[in-house]
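# Understanding the architecture of this molecule
Here is what each chain is made of, one letter per residue.
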Amino acid sequence: MIGTPRKAVLWRRRSAAVLGALALVLGGGTLLSGPVAAATSTFQVHCIPPGISGIPPFDGPTVADISVSDTTPQVGDTVTVTYVLDGPMANTSSFNLPIPEDQITPTVKVKLGGAQTQELTLVGPKDNPVIPAGAQFPNFTITGTFTVTAPGQITLTPGDYNVHSDYGISADTPCTVNNPPAPVAETINVTAPNGRHIALGSTSGPIGADVTVTGTGFTAGATVTVAGVQGAAATGEFTSVAADGSGAFSATLAVSDLDTTGIVAFEGGGYDPATAAGPVPYTVIDTTPPPPGSQKLTTSVKAGTLSMTQAGDTVEMAPVDFGEGGPSTGALRTVTVKDFRGGSTGWSLTGKVTDFKGPGGALIGADRLSWQPVCVAASGSPSTCAAGSAGTVGSTGATLASAPDATLTGGEFAVDAGLSLDVPAYSATGSYSGVLTLTLT
């Protein structure tokens, strides 16, 4: 048998999208808890220690956990990259001495591909703890930034790295990727701003007040419609104006509908958020006096956020027999999606998994994990919820659940899935673990 199932730790991070990582474990042992980036790439490297160390060149696995500050930036935005390096190095030189703190400087390469091709060099801080003789090097966390220059999908792939030591002498241990490229660790989707903008002369006013709206970036001479909206729905006020030769305009809109929460401007026959300007928030102040002997009561409903929580941090996968292999099954801990934005945009929950790492470098491939998703909307939710297709999860990922765009979206949704890992017969006995990352956008 492959040991006893063990527990693992669920990590979550939030940026422009909401994400979570769920450790899936098969076998016995302990998985250390702690913050882990949401996107992981595992690959083999060839490392060459400095000659004076007495250590021959060696090969080993590296895990690169790469996260970004924004998975859906626009062209021109600056994105922060955080790289957590877990390499095969140990303090095993012939000197048999501990390495003091703050002596190690890691430098890593990250290759951008797809819509933007670039190689980033990230240099980490010199802040290592004391590394006892014979001990593994700690994980290193390195951050850096890059500016998005093109729309489309951009991949982030770990490349070669170097570990520099200033203890006694200045020495480097470069590590190169075997059989490059390494697996993609993170993907971002970049949009191009349409360049259209509007500004309001005032952000609030009484019923029927005239609002001055100015705009830039429209087609020269085009007819521009200026309208009041609530979310993505028109509220009844609109006016039309012609853009001048530079694509600018100035219009006056009388706003009298108490439902109006914003003002937009667009060309053509209908409002399209992708090509329009706005909405810019606007508040209509109800100045209607109450009848004699009465009191007017007012309140408001504020838009919330799109969020995700998970009902635990452990998935115990059933053990399988060494000579037979077969499905190691388990159940995803329930994921609760809350869409309290009150708009018209749906959401998508996707997942991808790393290879399952076992004893002595043994691996069970990510493509051997499959799931059968289920999604249920809570009573009263404006949106419907669709479960993703049953099938392979893999390192490239698959959809777990989604809700479509609609005139009014929102609600609370319970997402579950049956999990099955196809373990090959005669896999090395011991503990195997992988990390399933969930991304909500």
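Residue positions are given per chain, counted from 1 along the sequence in the order it is written. Note on the predicted model: pLDDT of at least 70 is required for a residue's local features to be given, and 80 or more for side-chain atom pairs to be given and counted; whole-chain, interface and lining totals, by contrast, use all residues. Note that the side-chain values use all heavy atoms of the structure and ignore hydrogens as well as water.

Runs of E in the DSSP output that reach at least two residues are strands. Runs of H or I that reach at least four are helices, and both are numbered from the N terminus. Helix and strand content of the chain: zero helices and 33 strands. In terms of its C-alpha atoms, the chain occupies a principal-axis envelope of roughly 90 × 50 × 40 Å. With a 1.4 Å probe rolled over the protein chains alone, any residue whose accessible area is under 20% of its type maximum counts as buried; one over 50% counts as exposed, and the rest are partly exposed. Evaluated residue by residue, the chain yields a buried proportion of 43% over its 441 residues. By definition, residues are in contact when any of their heavy atoms lie within 4.5 Å. The contacts in the chain between residues at least 6 apart in sequence include a share of 71% that link residues at least 24 apart. For the area figures, the Shrake-Rupley method with a 1.4 Å probe applies, and any residue is considered shielded solely by the protein chains shown. Total accessible area computed for the chain in this model is approximately 20400 Å², and 54% of it derives from carbon and sulfur atoms. When charges are counted, Lys and Arg contribute as positive and Asp and Glu as negative, whereas His and the chain ends are disregarded. Every charge is mapped onto a representative atom, which is NZ of Lys, CZ of Arg, CG of Asp or CD of Glu. Each charge class in the chain was averaged separately, 17 positive and 32 negative side chains, and the resulting centres sit 5 Å apart.

Before going further, it helps to examine the sheet that holds strand S14 (residues 209-216). Each pair of strands is called paired provided DSSP finds at least two bridges between the two strands. Pairing in this open sheet of three strands is antiparallel, and the strands run S12-S14-S17 from one edge to the other. Only two strands of the sheet have a single neighbouring strand rather than two, namely strand S12 (197-200) and strand S17 (249-255). Taken over all neighbouring pairs, the strand axes of this sheet differ in orientation by 30° on average, direction set aside. In the sheet, S14 pairs with S17 via seven bridges, with the strands oriented antiparallel. Across the sheet, the residue bridging to Val-213 is Ala-251, located in S17. To get an axis, a line is fitted to the C-alpha atoms, and for a helix only the part in contact is used. The angle between two axes follows their N-to-C directions and goes from 0 to 180 degrees.

Attention now goes to the pairing of strand S9 (residues 152-165). Counting buried positions over the 14 residues of S9 gives 11, a clear majority of the element. Bridge count between strand S6 (residues 104-114) and S9: 10 bridges; the pairing is antiparallel. What sits directly across from Thr-107, in S9, is Asn-162. The sheet contact formed by S9 and strand S11 (residues 186-190) spans five bridges and is antiparallel. Bridged to Thr-155 within S11 is Thr-187.

Our working definition of a disulfide is a cysteine sulfur pair at a distance within 2.5 Å. In this structure the tally under the stated criterion is two disulfides. Residue pairing for Cys-47: its cysteine sulfur links by disulfide to Cys-175, the two sulfurs lying 2.1 Å apart. Given an S-S torsion of about 115°, the disulfide between Cys-47 and Cys-175 has right-handed geometry. Placement of Cys-47 in strand S3 (residues 40-47) and of Cys-175 in strand S10 (residues 171-177) is noted, with a sequence separation of 128 residues between them. Take Cys-47 and Cys-175: they sit in the same class, and that class is buried. The disulfide partner of Cys-375 is Cys-385, and the gap between their sulfur atoms is 1.5 Å. Measuring handedness by torsion sign, the sulfur bridge of Cys-375 and Cys-385 sits at about 85° and is right-handed. One end of the pair, Cys-375, is in strand S28 (residues 369-377); the other, Cys-385, is in the loop between S28 and strand S29 (386-387), with 10 residues separating them in the sequence. Judged by relative accessible area, Cys-375 falls into the buried class, the value being 13%.

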